[in-house]
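Observations on the model geometry
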Amino acid sequence: KILDNYLCNRKLLLIIKYHSLQDLLLPKIKFENIRFLTSEEVTKSKKPLYTLLSQCDALITDYSSVYLNYLILDRPICFAYDDLELYSSKRGFMFENVESMMPGFKANSFDQLLEFIDQLNLGMDNYRADRQIANKKFNKYNDNKNSYRLLKSIGILD
């Protein structure tokens, strides 16, 4: 409720898209400026998740790889987590120093999340250079010709 009021005062909307493997405990309270979206709802909409992401001004994520695709948009990313050690010990990461692979604001508390939202609302973006470096590392191409390259590589186009 505190976050919802915070967003209302700033005229911001937060969409929380649950991970398909997450236990869904949807809140019983209806919020003004927070919406919850399940994988099932995305599937029913017949629109890919990436269509939704392309309309977002920023991404708040935990350890999900979704940020690797979001890098192409060159928009602010907040990595919100407070359980890095626990997650690392239980599931592990693909990278040795995972935090060095997160080109964005790191929020380990509610106050830090609010700080990110305020920076975003003020148009501050202190991680653009970091995102651009990461994008070059993870995404070989940054144009609209991937389908063409794929079709050419499998012999459908000359």
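Each value, and the rule that gives it
Residues numbered from 1 in each chain as written. Predicted model: local features only at pLDDT ≥ 70, side-chain atom pairs only at ≥ 80, totals over all residues. Heavy atoms only, no water. Phe/Tyr/Trp six-rings, centres within 6.5 Å; stacked < 30°, edge-to-face > 60°. Helix = DSSP H or I, 4+ residues; strand = E, 2+ residues; numbered from the N terminus. Buried < 20%, exposed > 50% of the residue type's maximum accessible area, 1.4 Å probe, protein only. Pairing = 2+ DSSP bridges. Axes fitted to C-alpha atoms, helices over the stretch in contact; angles between N-to-C directions. Contact = heavy atoms within 4.5 Å. Salt bridge = Lys/Arg side-chain N within 4 Å of Asp/Glu carboxyl O.

**Comments concerning the packing of aromatic side chains**
- Applying the stated criterion across every chain, the model contains three aromatic pairs.
- When the ring of Tyr-67 is compared with that of Phe-79, the centres are 4.9 Å apart and the planes differ by 85 degrees; the resulting orientation is edge-to-face. Of this pair, Tyr-67 sits in helix α4 (residues 66-70) while Phe-79 sits in strand β4 (residues 77-80); the two residues are 12 residues apart in sequence, bridging distant segments of the chain.
- Given the relative accessible area of 0%, Phe-79 is considered buried.
- Consider the rings of Phe-105 and Phe-116, whose centres lie 5.7 Å apart with planes at 45 degrees: the pair is tilted. Separated by 11 residues along the polypeptide, Phe-105 in strand β5 (residues 105-107) and Phe-116 in helix α6 (residues 110-121) bring together distant segments of the chain. For the pair Phe-105 and Phe-116, a shared accessibility class is recorded, and that class is buried.

**So, the sheet that holds strand β3 (residues 59-61)**
- As summarised here, the arrangement of the three strands in space is β3-β4-β5, forming an open sheet in which the pairing is parallel. The sheet is open, and its two edges are formed by β3 and β5, each paired on a single side. On average, each strand axis in the sheet is tilted by 25 degrees relative to the strand beside it, whichever way the strands run.
- The pairing of β4 with β5 spans three bridges and is classified as parallel. Bridging across to β5, Ala-80 finds its partner in Ala-107.
- Its contacts with the sheet place α6 against β3, β4 and β5, and it is angled at close to 150 degrees to β5.

**Observations regarding the pattern of salt bridges**
- All chains considered together, the criterion is met by seven salt bridges.
- The residue Glu-40 makes a salt bridge to Lys-44 at a minimum N-O spacing of 3.6 Å. On the criterion of helical spacing, the pair formed by Glu-40 and Lys-44 is a turn pair, its members being four residues apart in helix α2 (residues 39-45).
- A relative accessible area of 54% places Glu-40 in the exposed class.
- By relative accessible area, Lys-44 is classed as exposed at 62%.
- For the salt bridge of Arg-131 with Asp-125, the shortest nitrogen-to-oxygen distance reads 2.7 Å.
- On the basis of relative accessible area, Arg-131 is assigned to the buried category, the value being 1%.
- Ionic contacts of the salt-bridge type, sharing partners, join the residues Asp-74, Asp-125, Arg-128 and Arg-131 into one network.

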